[in-house]
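Fold and contact review
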Amino acid sequence: MSRLALRNFMITALTTLISIAVFMSLLLGQLYIYSVDDQFKNLEYDCLSVSYMALTWITESYRLDTTALSQVLTAQSELKDTHTMIVDTAGNVLLSVDSEKTEKDCGVLPESIVERIKKGEQIKDIGTLDGWFENKLLSVAMPVCDSAGNVRAAVVISALPESIPTLFSSFAKTIMYITIFVLMLSFAMVYFISQRLTDPLKSMASAAKKFGKGDFSARVKVCGNDEIADLAASFNYMADSMEQLEKLRSEFVANVSHELKTPMTTIAGFIDGILDGTIPPERRDHYLKIVSEEIHRLSRIVTRLLLATRMQSGAKDLNMAPVDVCSVISSVLVGAEQAIEGRNLSVEVDFPEDRVFVLGDRDALTQVVSNLVDNAVKYNCDGGHLAVTVARHGEKVYVTVFNTGTGIKEEDLPYIFERFYKADRSRGMDKQSTGLGLYLVRSILKNFRQEITAESSYGEWVRFTFTLDPAKPPEFPEQRKIGTHQ
């Protein structure tokens, strides 16, 4: 056996022995407590039934004489192996039935017991009942009260505790057999596992070297469900993620190259046409306007890439301050008015009556709303519907952007916020999208420590909902001056 297997076996065996010893000790302790408690409950029940007969015997002896009562108590005591006594308020034993032959058929109970009975106290005792018995017994003393609540007598029932040695002996044998079986099983399992432990580790080491060389095709075989298997699964997940990221990067480079190449080709073509005279002078202004638009589009692409990098780095320069979110949304909708009218969309805005201030960076928040509204217009259908809602629930402000249109397929929903992701199949109207819009939205909100969710019914509608923290309205200088004069 190797040292690793021997060490694992010793640790497993020691842990098993300690666990079994602790468990069995607790189990035996609980069994003893349960046994004693169960005996006390039985004695209480017997005391209660005898107390009714004792009260009748004391107050209405013509209905129950001593002989009849003794016969009943004797039968009960012999059946349950108990010692039953009826005593008066002075502690004198009026009637005693002893199946255990304690030879305590007469006498006076200890004064300490009598005083507690006079107070109407029910007594539970594991012992000699303050010296009344020679041996330890389980005893219950219950006062017998009349209808007025006066203590007329008491019933004392005692029994020998159940013998525990037999129980301990039986459990000791069981523990020994279980321990031997568990140790043998542990030895076999630890030996087998130890021999196979190095195989997945070697496989992971080999895969790690391939990852370091840029080959993400290597995978580790996952066997079992232990920590080694979790490590192997994590390794494979990392490889899948890096392979997917590499694929997305390649697609992103292709998309960005196309985005940059298109306006640059257009600009170069029109500039060359103007310079070589291909474009007549009377048409120059028209094509220069197109060149200007392409330059602005190129600038927007670069700005979006820079913003994506900024958000990825944590955006530590955000200017967090109270912002009127309804004002931001209104400005964005006004800016998108031409595009909205071009699609003949109906717009619905639902704002609270009071101004809603949230904590955020105004420019970044404008970018979030602008991206969502731009998508809502771009992927809407002609004559469709666009709705923006602001509502406060609890400690959050919820902003919802809804639009009809093509929607998003269910299988694409988990990925639409991923960087470089472009669901071309569901968003076929915008094939040149770089896949950064929604990633920027989520990144900005993540820097705000907020969340965004997406819902869609494919072919019908899309709803984006994000949260913001409410903020107190800013106090402007004019307000402070007015407050000071007042």
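Preceding this section is the structure that the text describes.
Throughout this description, residue numbers start from 1 for each chain and increase along the sequence as written. Predicted model: local features are reported for residues with pLDDT of at least 70 only, side-chain atom pairs are reported and counted for 80 or more only, and whole-chain, interface and lining totals are derived from all residues. Excluding hydrogens and water, the side-chain values take into account all heavy atoms of the structure.

**Brief notes about a nonpolar patch on the surface**
Quick reminder of the rule: Excluding any residue in a salt bridge, patches collect residues exceeding 30% relative accessible area, merging like charges within 9 Å and nonpolar Val, Leu, Ile, Met, Phe, Trp and Tyr side chains within 5 Å. The method behind every accessible area is Shrake-Rupley, applied with a 1.4 Å probe, and residues are considered shielded solely by the protein chains displayed. For this document, the term salt bridge refers to a Lys or Arg side-chain nitrogen within 4 Å of an Asp or Glu carboxyl oxygen. Counting from the N terminus, the helices are the DSSP runs of H or I reaching at least four residues and the strands are the DSSP runs of E reaching at least two. Relative accessibility decides the category of a residue: with a 1.4 Å probe and only protein chains considered, values under 20% of the type maximum give buried, values over 50% give exposed, and everything between is partly exposed.
On the surface, F181, L185, M189, F192 and I193 cluster together into a nonpolar patch covering about 520 Å² of accessible area. Checked against the element boundaries, F192 lands in helix α4 (residues 165–212). Residue class for F192 comes out partly exposed when judged on its relative accessible area of 49%.

**Focus on helix α7 (residues 325–335)**
Working note: α-helix, 3.6 residues per turn, so residues spaced by three or four point in the same direction. Rule in force here: What the arc covers is the set of directions going from the helix axis to the C-beta atoms. Polar contacts, as counted here, are pairs of nitrogen or oxygen atoms within 3.5 Å of one another; within protein the pair requires one atom able to donate a hydrogen and one able to accept it, and residues that are adjacent in sequence qualify only if both atoms are side-chain atoms.
Among the residues of α7, V325, C326, V328, I329, V332 and L333 are the ones counted as buried. End-on, the buried residues of α7 take up no more than an arc of 160°, which puts them together on one face. Every exposed residue of α7 that faces more than 90 degrees away from the buried side is listed here: V334 and G335. For α7, the capping residue at the N-terminal end is D324, with a side-chain oxygen 3.2 Å from the backbone nitrogen of C326.

**Focus: the environment of K136**
Among the structural elements, K136 can be located in the loop between β3 (123–127) and β4 (137–145). Since its relative accessible area comes to 62%, K136 is described here as exposed. For K136 and L160, which are 24 residues apart along the polypeptide, the C-alpha to C-alpha distance reads 7.5 Å.

**Considering the environment of V462**
Note the cut-off: Two residues form a contact once any of their heavy atoms are found within 4.5 Å.
Checked against the element boundaries, V462 lands in strand β12 (residues 461–468). Classification of V462 as buried rests on a relative accessible area of 4%. Along the chain, V462 and A376 lie 86 residues apart, while their C-alpha atoms are 8.1 Å from each other. Once you skip the residues sitting within four places of it in the chain, V462 turns out to touch V401, F402, N403, G407, I408, E455 and S456.

**Thoughts on the packing of α7 against helix α9 (residues 362–378)**
Put simply, the rule is: To obtain each axis, a line is fitted to C-alpha atoms, and for helices this fit is confined to the stretch in contact; angles are then taken between N-to-C directions over 0 to 180 degrees. Orientation categories follow fixed angle ranges, with anything under 35 degrees roughly parallel, anything over 145 roughly antiparallel, 65 to 115 roughly perpendicular, and all other angles oblique. Take the far helix as your reference; a near helix turned counterclockwise from it by less than a right angle gives a left-handed crossing, and one turned clockwise gives a right-handed crossing. By the convention adopted, Pro, Cys, Tyr, Trp, Phe, Met, Ile, Leu, Val and Ala count as nonpolar, Lys, Arg, Asp and Glu as charged, and the other residues, Gly among them, as polar.
One can describe the packing of α7 onto α9 by two numbers: an axis separation of 9 Å at closest approach and a directional angle of 50°. Judged on the interaxial angle alone, α9 and α7 are oblique. Handedness of the α7/α9 crossing: right-handed. Residues V325, S327, V328, I329, V332 and L333 of α7 form the contact with α9, whose own contacting residues are R362, L365, T366, V369, S370 and V373. Residue composition of the contact of α7 with α9, grouped by class: 8 nonpolar, 3 polar and 1 charged.

**Things to note about the pairing of strand β2 (residues 93–98)**
Rules: Paired strands, in this sense, are two strands between which DSSP finds at least two bridges.
Taking burial as the measure, the 6 residues of β2 include 5 buried ones, the bulk of the element. Sheet topology note: the strand β1 (residues 82–87)/β2 ladder contains 5 bridges and is antiparallel. By the bridge assignment for β2, I86 is matched with L95. In textbook terms, the turn of a hairpin is the stretch between consecutive antiparallel strands, and for β1 and β2 this stretch comprises 5 residues, one of which, G91, has a positive phi near 95°.

**With respect to the packing of aromatic side chains**
Just so we agree on the cut-off: The criterion for an aromatic pair is that two Phe, Tyr or Trp rings (for Trp, the six-membered ring) have centres within 6.5 Å, with stacked assigned to planes under 30 degrees apart, edge-to-face to planes over 60 apart and tilted to the rest. Both a distance and an angle decide whether a charge sits over a ring: NZ of Lys or CZ of Arg must be within 6 Å of the ring centre and within 35 degrees of the ring normal.
Overall, the coordinates contain 3 aromatic pairs when judged by the stated rule. Consider the rings of F270 and Y287, whose centres lie 4.8 Å apart with planes at 55°: the pair is tilted. In this pair, F270 is assigned in helix α5 (residues 227–275) and Y287 in helix α6 (residues 284–312), connecting sequence segments 17 residues apart. Taking relative accessible area as the criterion, Y287 reaches 23% and is therefore assigned partly exposed. Arranged with centres 6.1 Å apart and planes meeting at 85°, the rings of F417 and F464 form a pair that is edge-to-face. Residue F417 is found in the loop between β10 (396–404) and α10 (437–447), and its partner F464 is found in strand β12; the two are separated by 47 residues along the sequence. For the pair shown, F417 and F464 are each scored as buried. The ring of W461 has R463 lying over it, and the distance from NZ or CZ to the ring centre is 4.8 Å.

**With respect to the sheet that holds strand β7 (residues 346–350)**
Strand order in the open sheet made by the 5 strands is β7-β9-β10-β12-β11, with mixed pairing throughout. What marks the edges here is a single partner per strand, and that holds for β7 and β11 (452–457). Each adjacent strand pair in this sheet contributes to an overall mean axis angle of 10°, direction not counted. Here β11 pairs with β12 via 6 bridges, running antiparallel. Bridge assignment links A454 to a residue of β12, and that residue is F464. Strands in contact with α7 are β7, β9 (385–393), β10 and β12; relative to β9, the strand with the most contacts, it is inclined by about 170°.

**Brief notes about unusual backbone geometry**
Residue D81 is not a glycine yet carries a positive backbone phi of 55°. Turning to its location among the elements, D81 is positioned in the loop between α2 (66–80) and β1. Unusually for a residue other than glycine, L129 sits at a positive phi of about 55°. Here L129 is to be found in the loop between β3 and β4. The class of L129 is buried, set by a relative accessible area of 2%.

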